[in-house]
Amino acid sequence: MDHRGAAAGARHELLLPQSRHRSVAAIAWRWGFRDATHFTRRFKARYGMLPSQWRRSGADARAL
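Note that the structure is a prediction, hence the values are computed from the model and not measured.

**Some words on the packing of helix H1 (residues 3-15) against helix H3 (residues 36-47)**
Okay, step 1: Here H1 crosses H3 at 90°, and the two axes come no closer than 11 Å. On the basis of the axis angle, H1 is roughly perpendicular to H3. Across the interface between the two elements, His3, Arg4, Ala7, Ala8, Ala10, Arg11 and Leu14 of H1 pack against His38, Phe39, Phe43, Arg46 and Tyr47 of H3.
Okay, step 2: A per-class count over the contact of H1 with H3 returns seven nonpolar, two polar and three charged.

**Quick look at the packing of aromatic side chains**
Okay, step 1: According to the stated counting rule, one finds three aromatic pairs in the structure shown.
Okay, step 2: For the pair phenylalanine 39 and phenylalanine 43, a centre-to-centre distance of 5.6 Å together with 55° between the ring planes defines the contact as tilted. Residue phenylalanine 39 and its partner phenylalanine 43 are both found in helix H3; the two are separated by four residues, about one turn of the helix.
Okay, step 3: Under the relative-accessibility criterion, phenylalanine 43 is labelled buried at 0%.
Okay, step 4: Aromatic pair phenylalanine 43 and tyrosine 47: ring centres 4.8 Å apart, planes at 55°, arrangement tilted. With phenylalanine 43 and tyrosine 47 both in helix H3 and four residues apart, this pair spans about one turn of that helix.
Okay, step 5: An aromatic cluster is present here, built from Phe33, Phe39, Phe43 and Tyr47 joined pairwise through their rings.
Okay, step 6: Sitting above the plane of the tryptophan 54 ring, arginine 11 keeps its charged end 4.1 Å from the centroid.
Okay, step 7: Positioned over the ring face of tryptophan 29 is arginine 34, at 3.9 Å from the centre of the ring.

Rules and cut-offs
- Residues numbered from 1 in each chain as written.
- Predicted model: local features only at pLDDT ≥ 70, side-chain atom pairs only at ≥ 80, totals over all residues.
- Heavy atoms only, no water.
- Axes fitted to C-alpha atoms, helices over the stretch in contact; angles between N-to-C directions.
- Helix = DSSP H or I, 4+ residues; strand = E, 2+ residues; numbered from the N terminus.
- Parallel < 35°, antiparallel > 145°, perpendicular 65-115°, else oblique.
- Contact = heavy atoms within 4.5 Å.
- Nonpolar A, V, L, I, M, F, W, Y, C, P; charged D, E, K, R; others polar.
- Phe/Tyr/Trp six-rings, centres within 6.5 Å; stacked < 30°, edge-to-face > 60°.
- Buried < 20%, exposed > 50% of the residue type's maximum accessible area, 1.4 Å probe, protein only.
- Lys NZ or Arg CZ within 6 Å of the ring centre and 35° of its normal.

Read these as layout, nothing more, since geometry by itself doesn't imply function.
Right, here's the structure in full:
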């Protein structure tokens, strides 16, 4: 499986207001990652921050 596209989709979904109630693990699962730890490692390697940090950064930006 090509996780690059899945990581990008999950990255986008993490910022969606309608996805706030979903855990990072649930979003990762929806995008084909069957292991949350693997998803977190891949996400950090690709984007330089943890998925939870990315989500918070988007929430901070929306609050401005």
